[in-house]
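Examination of the molecular architecture
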Amino acid sequence: MAGVFRTEDGLTFLGVIAFAVSLVLFLLALIYALRAILGLPALKSDGKTLFIYLIPFRRIPLLAIDHIVLRSDDVEIYDQSNKKLKINTRLARDPEEFFRGTGLLES
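Residues numbered from 1 in each chain as written. Predicted model: local features only at pLDDT ≥ 70, side-chain atom pairs only at ≥ 80, totals over all residues. Heavy atoms only, no water.

Turning to the side chain of Asp74, a few remarks are in order. Structurally, Asp74 can be placed in strand 7 (residues 74–79). Setting aside anything within four residues of it in sequence, one finds Asp74 in contact with Val69, Lys86, Ile87, Asn88 and Thr89. (Helix = DSSP H or I, 4+ residues; strand = E, 2+ residues; numbered from the N terminus. Contact = heavy atoms within 4.5 Å.)

Next up, the structure:
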């Protein structure tokens, strides 16, 4: 079992795969950490488009959004064809106030 990931010559194929996966996970965690340290928002809107800076990154035109359902940990966004997109908003600061500011959420 000791030679599965590493031999005296270096990493085995399985070791390279495990290293690559751990490197990708580390980089994703680093992105989230840097965004949090710098205070950058997880959700952003320019009045025309909703930018979601949570993995996977997305851009949704505000005109394509029919209605939203705000829950405690997530937001369900329904487009005009009634297709649902669920966004985890635990990392977002005050998602209710954000969506009210975009005009998508009624007071």
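Structure's up, so let's keep going.
The alternating pattern of strand 8 (residues 84–88) places Leu85 and Ile87 on a buried face, while none of Lys84, Lys86 and Asn88, on the opposite face, is buried. Two elements, strand 7 and strand 8, share five bridges in a ladder whose sense is antiparallel. Within strand 8, the position partnered with Asp74 by the bridge is Asn88. Taken together, strand 7 and the strand that follows it, strand 8, pair antiparallel across an intervening segment of four residues, in which Asn82 is found at a positive phi of about 65 degrees. (Buried < 20%, exposed > 50% of the residue type's maximum accessible area, 1.4 Å probe, protein only. Pairing = 2+ DSSP bridges.)

Another point: the nonpolar core. Within the largest apolar cluster, 17 residues are counted, with the highest numbers of intra-cluster contacts made by Leu50, Ile52, Ile65, Ile68, Ile77 and Phe99. At the level of elements, strand 4 (49–52), strand 6 (65–70), strand 7 and strand 8 are the ones that each hand at least two residues to this core. Residues within four places of Leu50 in sequence aside, it is in contact with Lys44, Arg58, Arg59, Ile60, Leu62, Ile65, Ile77, Phe98 and Phe99. (Core = buried A, V, L, I, M, F, W, Y, C linked by side-chain atoms within 4.5 Å.)

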